[in-house]
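Here's the letter readout for the chains.
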Amino acid sequence: MEEKLREYARLLVRVGLNPHPGQRMIISSPVECAPFSRLCAAEAYEAGCSEVVMNWTDDAMARLKYFHASDEVFDTVPLWRRHFFNDHALEGTAYLAISASDPENLKGVPSDRIIRAQRASGKALKDFDRLQMCGGFPWCIASIPIPSWAVRVFPDKGEAEAVDALWNAIFAAVRVTGDGKAVERWQAHLSTLEKRLEKLNALHLKSLHYKNALGTDLTVELPEGHIWESGGDHTLAGRSYIANIPTEEIFTSPLKTGSNGVVYASMPLVHDGNVIEGIRFVVKEGKIVEATAKKGEETLKAAVSVDEGAAYFGEVALVPWDSPISNQNLLFFNTLFDENAACHIAFGEAYPCLEGGQKMSKDELKRRGLNDSITHVDFMIGTADLSITGATREGREVPIFVDGNFAPEF
Ligand code: ZN
Ligand code: ZN
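Residues numbered from 1 in each chain as written. Chains lettered and ligands numbered in written order. Predicted model: local features only at pLDDT ≥ 70, side-chain atom pairs only at ≥ 80, totals over all residues. Heavy atoms only, no water.

Chemist: In this structure, what is going on with the coordination of the zinc ion (ligand 2)? I would like to understand it.
Modeler: Angles between donor atoms at a metal ideally measure 109.5 degrees for a four-coordinate tetrahedral arrangement and either 90 or 180 degrees for a six-coordinate octahedral one. Every protein donor of the zinc ion (ligand 2) is accounted for by Glu315 (OE), His376 (NE2), Asp378 (OD) and Asp378 (OD), and the metal-donor separations fall at 2.0 to 2.5 Å. Seen from the zinc ion (ligand 2), its four donor atoms lie at angles of 55 to 144°, and the figure they make is irregular. Between the donor residues of the zinc ion (ligand 2), the gaps in sequence give the motif E-x60-H-x1-D. The metal-metal distance between the zinc ion (ligand 2) and the zinc ion (ligand 1) comes to 3.4 Å, with glutamate 315 coordinating both. Overall, histidine 376 belongs to the partly exposed group, its relative accessible area being 23%. (Donors = N, O, S within 2.8 Å, 3.2 Å for Na, K, Ca; no water. Tetrahedral: all angles 85-135°; square planar, octahedral: opposite > 155°, others 65-115°. Buried < 20%, exposed > 50% of the residue type's maximum accessible area, 1.4 Å probe, protein only.)

Chemist: Looking at this model, I keep getting lost on the sheet that holds strand S19 (residues 387-392). Mind explaining?
Modeler: Strands in a sheet are paired, the pairing made by backbone hydrogen bonds, and the direction either parallel or antiparallel. With antiparallel pairing, the eight strands of this open sheet are ordered in space as S15-S14-S11-S6-S5-S19-S20-S21. Edge strands, defined here as strands with exactly one partner in the open sheet, are strand S15 (287-292) and strand S21 (405-406). Across two bridges, the pairing between strand S20 (residues 397-402) and S21 is antiparallel. Counterpart to phenylalanine 401 in the pairing with S21 is phenylalanine 406. In the packing of helix H9 (residues 182-203) onto the sheet, the strands contacted are strand S5 (205-211), S19, S20 and S21, and the crossing angle to S20 comes to about 155°. (Pairing = 2+ DSSP bridges. Helix = DSSP H or I, 4+ residues; strand = E, 2+ residues; numbered from the N terminus. Contact = heavy atoms within 4.5 Å. Axes fitted to C-alpha atoms, helices over the stretch in contact; angles between N-to-C directions.)

Chemist: Looking at this structure, I do not really get the state of the cysteines. What am I missing?
Modeler: Note on terminology: a disulfide is the covalent bond linking the sulfur atoms of two cysteines. Tallied over the entire structure, the rule returns zero disulfides. The cysteine cysteine 33 is free of any disulfide, with cysteine 40 supplying the nearest cysteine sulfur at 9.8 Å. What makes cysteine 33 buried here is its relative accessible area of 1%. (Disulfide = S-S within 2.5 Å.)

Chemist: Help me understand the pattern of salt bridges, please; the structure alone is not making it clear to me.
Modeler: Between side chains of opposite charge, a pair can form when the charged atoms approach closely. If you walk through the whole model with that rule in mind, you get 23 salt bridges. A salt bridge links glutamate 248 to arginine 175; its shortest N-O distance comes to 2.8 Å. With glutamate 248 in the loop between strand S9 (240-242) and strand S10 (250-252) and arginine 175 in the loop between helix H8 (159-173) and H9, the pair connects residues that are 73 residues apart, well separated along the chain. Each member of the pair, glutamate 248 as well as arginine 175, is classed as buried. (Salt bridge = Lys/Arg side-chain N within 4 Å of Asp/Glu carboxyl O.)

Chemist: So what exactly am I meant to see when it comes to unusual backbone geometry here?
Modeler: A negative phi holds for most residues other than glycine; trans holds for most peptide bonds. With an omega of 5°, the peptide bond running from isoleucine 245 to proline 246 counts as cis. Phi is positive for phenylalanine 333, which is not a glycine, with a value near 55°. Tracing the backbone shows phenylalanine 333 in the loop between strand S16 (313-318) and helix H11 (335-338). For phenylalanine 333, a relative accessible area of 13% gives the class buried. Unusually for a residue other than glycine, aspartate 403 sits at a positive phi of about 50°. Tracing the chain through its elements places aspartate 403 in the loop between S20 and S21.

Chemist: Before we go on, may I ask you to explain the coordination of the zinc ion (ligand 1) in this structure?
Modeler: Here the zinc ion (ligand 1) is held by Glu249 (OE), Glu249 (OE), Glu315 (OE) and His344 (NE2), and the distances to it run 1.9 to 2.7 Å. Taken together, the four donor atoms surrounding the zinc ion (ligand 1) define angles of 52 to 138° at the centre, an arrangement classified as irregular.

And the structure:
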């Protein structure tokens, strides 16, 4: 176990963030994950970081706050917090986020408080968000188990057993075996993704048509000059980093007003401390005009109305049904893992997936047809029978996905 933990911490710091000597690093971490965060901090100092700054989080404190804090608290972000995130982003500080939460931590909280807090934070942390989207600093989101989450994934196991089982599932998903070679395995994995996206980029697709037996029948138009990207990212300064570990996806940005049809989520979505099941969206000229769910509909409706852009798509991502995460046949109740088990779409903010997009201003990206929002929420749509057909600008049809997986030429 000790070996695996060290190998994992090393992977996150050395490959996930790849800091240069003298760079500062923030670690956002639940208090329960302190021992693992210390391993990451030690690894960061060994990599030459000048300072590791902690941002501790706690589910229980968050829940107390959402229920009991004064109402006006949810409309403001204190100045120190703005400075903490924005100043560090402007300085290029590396950012490691350990994501681990009880999937229903905020169940019962009035969604109005959650949405107002999100709006306030979106406004206050503009610099941080902008620089995060365009490669202004390296960032990496990863997860380790906490008991409240583990027992949701393994409801038939006791707490300790569930935590062990979730550790094993995570290690398998992130290719950590304890042999010290996770870094090499990731380099090979990233080059596989790279080859796929090169083939997709060569097609210069105009649109994608999604269809499956769940009822999804959706056309998504792609902007001219769009590029497919993979989890292997580069900062503006040209240093590699991986924004999500694990990552199995190849993604691009859709044209804001170019989606039409119906799309069904294929897995539950954990969002804002609530579980949403049975999502169905009807989309017209890019806009979600109907949002329904079998469970958590209120949370879903609130999520797509955070701002104007929340009702439009900002990402389409391709993940084969046959992937190391999907093959575990496990619902992780954590988007970081679940989105890498299935094709997904996000509503909200688009990544600047255009040629030269990293250097474009917000206004320029909008002019080119990309969506802008303070939110970005991935929901899973992939199934074993999903077909995706691409159309080129010359009108040629190309099978991209057949029966849930990439067509053989990819
Ligand atoms: Zn994605
Ligand atoms: Zn996403």
